[in-house]
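Report on the structure
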Amino acid sequence: MTDNIDSSRIVTASRDIAAGAAQVFELIADPAEQPRWDGNENLAKAAAEQRVRAVGDVFVMTLTNGADRENHVVEFEEGRRIAWRPSEPGQQPPGHLWRWEVEPIDETHTRVTHTYDWTRLTDEKRLVRARATTSEKLRASLDRLAELVERQ
């Protein structure tokens, strides 16, 4: 059996953060907090009261260019994992996925892995931006998240 997944279309970065897993996860699972630590400089704002709780949830984010995105949650384990597929409002997601995995190391340290997976991306207009999403950009989000949570 051959694996047809193009690993060049999966970008990942990890970092250990000096904070508890629940505290870190809360900042990731609350869309209103995401613009504070977005290393892609792409997120402008999200309305309050959209905290993700389950697969099937959809939260709306406004991008820096003013466009809204619906984010369809496709993976969720409270305190551990969250992943969503963005789409234009009312449209099917074009196939890229953002995933966050939170792994407690001990009570006050957490390993966080951020993944951008565009193996199923079908929208040709989005390919340039997808290729520009590097592990360094993912790491920038991790660094900002760490700075934010370590100050709390």
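Higher on the page you've got the structure.
Residues numbered from 1 in each chain as written. Predicted model: local features only at pLDDT ≥ 70, side-chain atom pairs only at ≥ 80, totals over all residues. Heavy atoms only, no water.

**Let's talk about the sheet that holds strand β3 (residues 58–63)**
Strand order in the open sheet made by the 7 strands is β1-β7-β6-β5-β4-β3-β2, with antiparallel pairing throughout. Only two strands of the sheet have a single partner each, and these edge strands are β1 (10–17) and β2 (43–45). Strand-to-strand twist of the sheet, defined as the mean angle between neighbouring strand axes without regard to direction, takes the value 30°. Alignment of β1 against strand β7 (residues 109–117), held across 8 bridges, turns out to be antiparallel. Paired with D16 across the two strands is R111, which belongs to β7. Across the sheet, helix α1 (residues 21–29) is in contact with β1, β4 (68–77), β5 (81–87), β6 (97–106) and β7; its angle to β6 comes to roughly 165°. Its contacts with the sheet put helix α4 (residues 135–151) on β1, β6 and β7, and the angle it makes with β1 is roughly 25°. (Pairing = 2+ DSSP bridges. Helix = DSSP H or I, 4+ residues; strand = E, 2+ residues; numbered from the N terminus. Axes fitted to C-alpha atoms, helices over the stretch in contact; angles between N-to-C directions. Contact = heavy atoms within 4.5 Å.)

**Describing α4**
End to end, α4 covers 24 Å across 17 residues, agreeing with the expected 24 Å (1.5 Å per residue, within 8%). Those residues of α4 that sit buried are L138, S141, L142, L145, A146, L148 and V149. In this fold, the buried residues of α4 make contact with β1, α1, α2 (34–37), β6 and β7. (Expected span 1.5 Å × (residues − 1). Buried < 20%, exposed > 50% of the residue type's maximum accessible area, 1.4 Å probe, protein only.)

**Details of the pattern of salt bridges**
For the structure on display, the rule yields 12 salt bridges. Among the ionic pairs, E33 bridges to R36, the shortest N-O distance being 2.5 Å. Across the salt bridge formed by E41 and R144, the nearest N and O atoms sit 2.3 Å from each other. With E41 in the loop between α2 and β2 and R144 in helix α4, this residue pair connects regions lying 103 residues apart in the sequence. The structure contains a network of salt bridges with shared partners spanning E75, R81, R99 and E101. (Salt bridge = Lys/Arg side-chain N within 4 Å of Asp/Glu carboxyl O.)

**Here we look at the pairing of β6**
As paired strands, β5 and β6 are joined by 4 bridges and run antiparallel to one another. Residue pairing in the sheet places W84 in a bridge with W98 of β6. With 9 bridges connecting them, β6 and β7 associate as antiparallel partners. Counterpart to R99 in the pairing with β7 is T115.

**What to know about the packing of aromatic side chains**
By the definition in use, this model includes 4 aromatic pairs. Between the aromatic rings of W98 and Y116, the centroid separation amounts to 4.3 Å while the plane-to-plane angle is 35°, which identifies the pairing as tilted. Within this pair, whereas W98 is found in strand β6, its partner Y116 is found in strand β7, the two being separated by 18 residues in sequence. Overall, Y116 belongs to the buried group, its relative accessible area being 4%. (Phe/Tyr/Trp six-rings, centres within 6.5 Å; stacked < 30°, edge-to-face > 60°.)

**Points about the side chain of T115**
One can find T115 in strand β7. Take T115: its relative accessible area is 6%, and that puts it in the buried class. Within the structure, the side chain of T115 is placed 3.2 Å from the side chain of T12, a separation counted as a polar contact. In this structure, T115 is in contact with I10, V11, T12, L97, W98, R99, E101 and L138, ignoring residues within four places of it in sequence. (Polar contact = N/O pair within 3.5 Å; in protein donor to acceptor, adjacent residues only side chain to side chain.)

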